[in-house]
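# Structural description and commentary
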Amino acid sequence: MANEARPCPCDIGDRFDYGGRGQEVQVEHIKAYVCKPGASTDKAVIVIHDIFGWQLPNTRYMADMLAANGYIAICPDFFVGQEAWKLSNDWASFNDWLKTRNAGKIDKEVGVILKYLSEQCGAKKIGAVGFCWGGAAVQHLMLKNPHLKTGVSLYGVIKFFEDRSSLLHPTFFIFAGKDELIPLEQVTLLEQKLKQNCEVDYEVKIYPGQTHGFVHRKREDINPQDKPYIEEGRKDMINWLNKYL
């Protein structure tokens, strides 16, 4: 496998052996995983997957965690039937693979999901959370989509949208202190641009010593030294959603 020039440091990390508490549904042309809380609510979160796609158990685990905290959580297949990235793929082909899976071209699918959440689930306040590729997608939505209330971008690839920082909604950015893909200089630059251009609430937080994917791809029982940061990242994500939804 040609890993010398990996354009993305993503590996699955600790793949969770997790089946999920929700169910798969078909929403128009999109398959999605949905998990609902015990009590009825009008708050929902769109969970945007990473390059490994909507069926990754780790991402479903995060959706279920959101549901356990009182949100309707939906993780749609934003690749719309196209194959997710596999670890057996050659990283040399990654940029070509990415061309047909643009994190900034999900507006049609998001529109379909918003309609489903409001009409079928009774959701009135909707936010978005995304990981890696999905973190970049959240940044795009926070710049563009008027119907969402807030977003949490977890190690979203800044270079996709680095020239735009006029956010429409409160956005929380989670970054890892030792992320091979997102150098800290990029994070500093993002902060500077947000400070200059952003008129809504935002926060940029760096978790020291952590690597790309730490919030959803690391198991705290396998990585005791990282456990405080994994738990803090998850708690911060929930707290931000609670504040703005």
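Above this text you will find the structure in question.
A brief look at the structure comes next. Just so it is clear, the structure is predicted and the values come from calculations on it, not from any experiment.

### Comments concerning the overall build of the chain
Within the chain, the secondary structure is distributed over 7 helices and 8 strands. Here the C-alpha atoms of the chain give a radius of gyration of 17 Å, agreeing with the 18 Å that 2.2 N^0.38 yields for 245 residues. Taking contacts inside the chain between residues at least 6 apart in sequence as the whole, the part at least 24 apart equals 73%. For the chain, the centre of its 30 positive side-chain charges and the centre of its 31 negative side-chain charges are spaced 4 Å apart.

### Things to note about the pairing of strand 6 (residues 150-154)
The buried fraction of strand 6 amounts to 5 of the 5 residues, a majority that puts the element mostly inside the structure. Of the two faces of strand 6, the one lined by Thr-150, Val-152 and Leu-154 and the one lined by Gly-151 and Ser-153 are each fully buried. Sheet topology places strand 5 (residues 125-131) next to strand 6; 5 bridges connect them, and they run parallel. By the bridge assignment, Gly-127 is partnered in strand 6 with Thr-150.

### Section: helix 5 (residues 184-197)
Taking 1.5 Å as the rise per residue, helix 5 with 14 residues should run 20 Å; its terminal C-alpha atoms sit 20 Å apart, in good agreement. Every buried residue of helix 5 is accounted for by Val-187, Leu-190 and Leu-194. End-on, the buried residues of helix 5 take up no more than an arc of 55°, which puts them together on one face. Among the exposed residues of helix 5, those oriented more than 90 degrees off its buried face are Glu-185, Lys-195 and Gln-196. In this structure, the buried side of helix 5 is in contact with helix 4 (133-144), strand 7 (171-176) and strand 8 (202-207).

### Quick notes on helix 7 (residues 227-244)
One turn of an α-helix holds 3.6 residues; hence residues three or four places apart share an orientation. Taking 1.5 Å as the rise per residue, helix 7 with 18 residues should run 26 Å; its terminal C-alpha atoms sit 26 Å apart, in good agreement. Considered for burial, the residues of helix 7 that qualify are Ile-230, Gly-233, Arg-234, Asp-236, Met-237, Ile-238, Trp-240 and Leu-241.

### Examining the sheet that holds strand 5
Strand order in the open sheet formed by 8 strands is 1-2-4-3-5-6-7-8, with mixed pairing between adjacent strands. Looking at the sheet topology across the chains shown, the edges are occupied by strand 1 (23-27) and strand 8. Put simply, the sheet's adjacent strands are angled 20° from each other on average, direction ignored. Alignment of strand 1 against strand 2 (residues 30-35), held across 5 bridges, turns out to be antiparallel. Considered in strand 2, the bridge of Val-27 is made with Ile-30. Lying on the sheet, helix 3 (residues 107-120) is in contact with strand 1, strand 2, strand 3 (43-48), strand 4 (72-76) and strand 5; it crosses strand 4 at an angle near 150°.

### Describing the side chain of Asp-236
By the secondary structure assignment, Asp-236 is in helix 7. The exposure class of Asp-236 is buried, given its relative accessible area of 17%. Apart from the residues lying within four places of it in its own chain, the contact partners of Asp-236 are Phe-172, Lys-205 and Tyr-207.

### Re the pairing of strand 7
For strand 7, a buried count of 6 out of 6 residues is recorded, marking the element as mostly surrounded by other parts of the structure. Where burial is concerned, the two faces of strand 7 agree: the one with Thr-171, Phe-173 and Phe-175 and the one with Phe-172, Ile-174 and Ala-176 are both buried. Sheet analysis places strand 6 next to strand 7, joined by 4 bridges and oriented parallel. Its bridge partner being in strand 7, Gly-151 is matched across the sheet by Thr-171. By the bridge criterion, 6 bridges tie strand 7 to strand 8 in an arrangement that is parallel. Paired with Ala-176 across the two strands is Tyr-207, which belongs to strand 8. Where the polypeptide runs from strand 7 across helix 5 and back to strand 8, its parallel neighbour, the crossover connection is right-handed.

### Here we look at the environment of Glu-119
Looking at where Glu-119 falls in the secondary structure, it is placed in helix 3. Once the C-alpha coordinates of Glu-119 and Trp-133 are considered, the two residues, 14 residues apart in sequence, prove to be 28 Å apart.

Reading the values: rules and limits
Residues numbered from 1 in each chain as written. Predicted model: local features only at pLDDT ≥ 70, side-chain atom pairs only at ≥ 80, totals over all residues. Heavy atoms only, no water. Helix = DSSP H or I, 4+ residues; strand = E, 2+ residues; numbered from the N terminus. Rg over C-alpha atoms; globule rule 2.2 N^0.38 Å. Contact = heavy atoms within 4.5 Å. Lys, Arg positive; Asp, Glu negative; His and termini not counted. Charge placed at Lys NZ, Arg CZ, Asp CG, Glu CD. Buried < 20%, exposed > 50% of the residue type's maximum accessible area, 1.4 Å probe, protein only. Pairing = 2+ DSSP bridges. Expected span 1.5 Å × (residues − 1). Arc of directions from axis to C-beta. Axes fitted to C-alpha atoms, helices over the stretch in contact; angles between N-to-C directions. Right-handed = clockwise from strand over helix to strand, strands pointing away.

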